[in-house]
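So the chains spell out like this:
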Amino acid sequence: MKLLLQRVRQAQVVVDGETIGAIDRGLLALVCAERGDTEEKADKLLAKMLKLRIFSDAAGKMNLSVQDVGGGLLLVSQFTLAADTGSGNRPGFSGAAAPEDGRRLYDHFVARARALHPVVATGRFAADMQVHLVNDGPVTIPMQS
């Protein structure tokens, strides 16, 4: 799995003009399931994400996790993180999980996040989404299992 984390002051996902998920301070995580990914890989990546110290402490050092600061999570499926841009000008997506596997792994990731963290909002799998965010820092961190 791949994640692209953005530390945000606020973020929301809109589908068909309706806000379906929103958080204040926290992490916007773009989530991509790749071929061969498993629930175990998803669990390890989630555990790492929750403990990743990318929020500032009182001294201004990135020393606190999203759990430490009581931040929210906004989890958005994003298969394009699996893009292969190595040849030609059109990205290939053969590394992305098949849609049914991608949905299963995304749903698993969301369910586990909700079991482990108090504030979890989501996008909608395979929907045309507009993601609005105020990046804090900016801090953007790629992660991969």
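In what follows, the structure referred to is the one given above.
A short tour of the structure in this document, coming up. Since this is a predicted model, take the numbers as computed values, not measurements.

Criteria and thresholds
- All residue numbers here refer to positions counted from 1 along the written sequence of the relevant chain.
- The predicted nature of this model means local features are confined to residues of pLDDT at least 70 and side-chain atom pairs, given and counted, to a pLDDT of 80 or more, with totals for whole chains, interfaces and linings taken over all residues.
- Remark: hydrogens and water are excluded; side-chain values derive from all non-hydrogen atoms of the structure.
- Throughout, nonpolar core names a set of buried Ala, Val, Leu, Ile, Met, Phe, Trp, Tyr and Cys residues whose side chains join them through atoms within 4.5 Å.
- Partly exposed residues are those whose accessible area sits between 20% and 50% of the maximum for their type, while under 20% is buried and over 50% is exposed, using a 1.4 Å probe and protein chains only.
- Working definition: helices are DSSP H or I runs of at least four residues, strands are E runs of at least two. Numbering for both runs from the N terminus.
- Contact definition: two residues touch when any of their heavy atoms are within 4.5 Å.
- When DSSP locates at least two bridges between a pair of strands, those strands are taken to pair.
- Here the expected span of a helix is defined as 1.5 Å times the quantity of residues minus one.
- Taking the helix axis as origin, the arc is that swept by the directions to the C-beta atoms.
- In the sections that follow, a salt bridge refers to a side-chain nitrogen of Lys or Arg positioned within 4 Å of a carboxyl oxygen of Asp or Glu.

Let us look at the nonpolar core. Ranked by size, the top nonpolar core spans 27 residues in total, and within it L3, L5, L27, M49, L73, L75 and F109 carry the most contacts. Elements supplying a minimum of two residues to this core: β1 (2-15), β3 (26-32), α1 (39-51), β6 (72-77), α3 (99-116) and β8 (130-144). L27 has contacts with L5, Q6, R7, V8, M49, I54, F55, V66, G72, L73 and L74, leaving out every residue within four places of it along the chain.

Here seven bridges tie β1 to β3, and the two strands are oriented antiparallel to one another. From the neighbouring strand, Q6 faces β3, where its bridge partner is L28. The pairing of β1 with β8 spans eleven bridges and is classified as antiparallel. Paired with Q10 across the two strands is V134, which belongs to β8. Of the pairings in the sheet, the one linking β1 to strand β2 (residues 18-23) comprises five bridges and is antiparallel in character. Looking across to β2, one finds that V15 is bridged to E18.

Its 18 residues place the ends of α3 26 Å apart at the C-alpha level, agreeing with the 26 Å of an ideal helix rising 1.5 Å per residue. Residues of α3 that are buried include every one of G102, L105, Y106, F109, V110 and A113, and no others. All buried residues of α3 project into a common sector of 135 degrees when viewed along the axis, lining one side. Residues of α3 that are exposed and point more than 90 degrees away from the buried face comprise E100 and A115.

The subject of this paragraph is the side chain of S77. The topology assignment puts S77 in strand β6. The contacts of S77, once residues within four sequence positions are left out, are V31, Y106, R124, F125, A126 and M129.

What follows is about the pattern of salt bridges. Taken as a whole, this structure holds seven salt bridges when the rule is applied. Of the charged contacts in the structure, one is a salt bridge between R7 and D136, with a shortest N-O distance of 3.4 Å. In this pair, R7 is assigned in strand β1 and D136 in strand β8, connecting sequence segments 129 residues apart. The exposure class assigned to R7 is buried, which follows from its relative accessible area of 8%. Residue classification places D136 among the buried residues on the basis of a relative accessible area of 14%. Across the pair D37 and K41 runs a salt bridge whose closest N-O atoms are separated by 3.9 Å.

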